[in-house]
Amino acid sequence: MHAGSGYLLDTFLQSCSNIRDDKYGGDAAGRCTLLKEVVARVAAEMGGADRVGVKLSPNNGFNGMGSDDNAETFTHAAAALHAVGVGYLHVVDGVGKQSTDTWFGRVSSSGFHNAGAGLGLADLRQAFPGALIGN
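Here is a short report on the structure shown in this document. (Residues numbered from 1 in each chain as written. Predicted model: local features only at pLDDT ≥ 70, side-chain atom pairs only at ≥ 80, totals over all residues. Heavy atoms only, no water.)

Some remarks on unusual backbone geometry
Argument step 1. Despite not being glycine, Ser-5 shows a phi value in the positive range, around 60°.
Argument step 2. With respect to the helices, strands and loops of the structure, Ser-5 is situated in the segment before helix H1 (8–13). (Helix = DSSP H or I, 4+ residues; strand = E, 2+ residues; numbered from the N terminus.)

A look at the packing of aromatic side chains
Argument step 1. Within the structure shown, the criterion is met by 1 aromatic pair.
Argument step 2. Seen in terms of ring centroids, Phe-12 and Tyr-24 are 6.2 Å apart; in terms of plane orientation they differ by 85°. Their pairing is edge-to-face. On the criterion of sequence distance, the pair formed by Phe-12 in helix H1 and Tyr-24 in the loop between H1 and helix H2 (28–31) is long-range, its members being 12 residues apart. (Phe/Tyr/Trp six-rings, centres within 6.5 Å; stacked < 30°, edge-to-face > 60°.)

A word on helix H3 (residues 33–46)
Argument step 1. Between its first and last C-alpha, H3 extends 20 Å over 14 residues, near the 20 Å set by a 1.5 Å rise per residue.
Argument step 2. Considered for burial, the residues of H3 that qualify are Thr-33, Leu-34, Leu-35, Val-39 and Ala-43.
Argument step 3. On its buried side, H3 packs onto H1, H2, strand S1 (53–56) and helix H4 (70–84).
Argument step 4. Directly after H3, the chain includes Gly-47, whose backbone phi takes a positive value near 90°. (Expected span 1.5 Å × (residues − 1). Buried < 20%, exposed > 50% of the residue type's maximum accessible area, 1.4 Å probe, protein only. Contact = heavy atoms within 4.5 Å.)

A look at the sheet that holds strand S3 (residues 131–134)
Argument step 1. Spatial ordering of the open sheet is given by S1-S2-S3, a layout of 3 strands whose pairing is parallel. A single partner strand is all that each edge strand has here, and the edge strands are S1 and S3. Ignoring strand direction, the axes of neighbouring strands in this sheet form an average angle of 20°.
Argument step 2. Bridge analysis of strand S2 (residues 88–91) against S3 gives 4 bridges, and the strand direction is parallel. When the sheet's bridge partners are listed, His-90 is paired in S3 with Ile-133.
Argument step 3. Across the sheet, H4 lies against S1 and S2, angled at about 175° from S1, the strand it touches most. (Pairing = 2+ DSSP bridges. Axes fitted to C-alpha atoms, helices over the stretch in contact; angles between N-to-C directions.)

A few points about the pattern of salt bridges
Argument step 1. Within the structure shown, the criterion is met by 4 salt bridges.
Argument step 2. Of the charged contacts, one joins Asp-69 and Arg-31 as a salt bridge, the two residues approaching to 3.2 Å between their closest N and O atoms. With Asp-69 in the loop between S1 and H4 and Arg-31 in helix H2, this residue pair connects regions lying 38 residues apart in the sequence.
Argument step 3. Across the salt bridge formed by Glu-45 and Arg-41, the nearest N and O atoms sit 3.1 Å from each other. Separated by 4 residues within a single helix, Glu-45 and Arg-41 lie in helix H3, roughly one turn from each other. As far as burial versus exposure is concerned, Glu-45 and Arg-41 are alike and both exposed. (Salt bridge = Lys/Arg side-chain N within 4 Å of Asp/Glu carboxyl O.)

Written out as C-alpha cells, the structure is:
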C-alpha cells in the first residue's frame with residue numbers, strides 16, 4: 001500500500017495536512033487511524049497482514065508534505081504497522097538530491113520537506129523490527 005508522497009493516506013498521517021478534530025486527526029495515534037483501518041481491510045482481503053507491505057515517505061516534500069513532528073508520527077506509524085503484522089515496511093530513506101528537474105505536484109526539488117529532522121531506516125528500526133526496505 002502506498003502511504004507516502006502526499007497521497008491520501010500520507011495526508012492523514014501528517015500534521016501539516018491533517019487538521020481534523022475527529023478520530024482521524026489530533027495526535028500521531030489519531031492520524032494513524034485511517035492507515036490502520038485500511039491495512040486491516042486489505043489484510044482481510046489478502047489472507048493476512050503478513051501479505052501486505054506499506055510504503056512511507058517521512059522525508060519527502062512531494063505534494064507539500066513535511067511536518068515538524070514527523071519523527072513522532074512516523075515512529076508511531078511504524079510501531080503500529082509492526083503491531084498489526086504487516087509483511088514489510090518500505091521507507092523512502094534519506095532526503096534525495098538537489099535537482100533542477102521539476103514535475104507536477106512537486107514543491108521542491110531537494111527531496112526533503114525542510115521541516116523537522118530527517119528520519120531514516122536506522123531511526124525506524126526499533127519501532128519496526130520486521131522486514132524493512134529502503135530506497
